[in-house]
Structures are given as structure tokens and as C-alpha cells.
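# Observations on the model geometry
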Amino acid sequence: MNNINQDVVFLIAAVVLLLLFVILIGLIQFYNEFVAELQYLNSEIERTDGDERAYWLSRRRRLWLSLLPFVKY
């Protein structure tokens, strides 16, 4: 009986570790995409002026707001 409990605990721990690993990979991928988009927007902001610059500034603001779960980019 004790051996079965240890096996169940081991399986639950393995599933939890696998789930944490998948979540970590997803967060790393999200971070890389976010930083790449932010660098692109910053380069466009440096390159432009006037109305076009205001557009890129608003896009960067929306990108930062997209970190909130209820705001879409």
C-alpha cells in the first residue's frame, strides 16, 4: 500500500514538473516576441516624426497595455 502511494506522488510530481516546464517555455517565447516587437516600434519611433511618430507611440503604448490580460494588441 505504501509503495502505491509513493508511485502516485511520483507521477503527480512528474506531471507538475512537466506542466511547469511547458509554462516556462511559453513565457520565454512570449518574452522574446514582446521584446522583438518593442525594438521594432522603438526603431520606428526614432525614424519618424510628426503624425507618423504619434502613430508609432500609440502602438508602443498599446503593446505595453497588452500585458494586461483584458487588453488586446
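The structure this text deals with has already been given above.
The structure presented is a predicted model; accordingly, all values stated were derived computationally and were not measured.

## Quick word on the environment of Q39
Among the secondary structure elements, Q39 is positioned in helix α1 (residues 2-47). For the pair Q39 and D49, spaced 10 residues apart in sequence, the C-alpha to C-alpha distance is 17 Å.

## Things to note about the side chain of R59
Position of R59 relative to the elements: it lies in helix α2 (residues 51-65). Contact partners of R59, with chain neighbours within four places excluded, come to E37, L41 and Y73.

## Quick word on the nonpolar core
Of all hydrophobic cores here, the largest spans six residues; its members are F34, L38, L41, I45, W56 and L63. Elements represented by at least two residues in this core include exactly α1 and α2. No other element matches α1, which puts four residues into this core. Every residue in contact with L41, bar those within four places of it in the chain, is listed here: W56, R59, R60, L63 and Y73.

## Section: the pattern of salt bridges
Per the stated rule, a full pass over the model turns up three salt bridges. Between E44 and R47 there is a salt bridge, and its shortest N-O distance comes to 2.6 Å. Pair noted here: E44 and R47 are both in helix α1, with a separation of three residues, about one helical turn. By relative accessible area, E44 is classed as buried at 11%. Taking the relative accessible area as the measure of exposure, R47 reaches 56% and is therefore exposed. Between R47 and E52 there is a salt bridge, with the nearest N and O atoms lying 3.7 Å from each other. Of the residues examined, E52 reaches a relative accessible area of 41% and is grouped as partly exposed. Connected through salt bridges with shared partners, the residues E44, R47 and E52 form a single ionic network.

## A look at α2
In this model, α2 (15 residues) spans 21 Å end to end at C-alpha, consistent with the 21 Å of a helix rising 1.5 Å per residue. Residues of α2 that are buried: W56, R59 and L63. The buried residues of α2 occupy an angular sector of 55° when the element is viewed end-on, so they sit on one face. Across from the buried face of α2, at angles greater than 90 degrees, the exposed residues are D51 and R61.

Calculation rules
Residues numbered from 1 in each chain as written. Predicted model: local features only at pLDDT ≥ 70, side-chain atom pairs only at ≥ 80, totals over all residues. Heavy atoms only, no water. Helix = DSSP H or I, 4+ residues; strand = E, 2+ residues; numbered from the N terminus. Contact = heavy atoms within 4.5 Å. Core = buried A, V, L, I, M, F, W, Y, C linked by side-chain atoms within 4.5 Å. Buried < 20%, exposed > 50% of the residue type's maximum accessible area, 1.4 Å probe, protein only. Salt bridge = Lys/Arg side-chain N within 4 Å of Asp/Glu carboxyl O. Expected span 1.5 Å × (residues − 1). Arc of directions from axis to C-beta.

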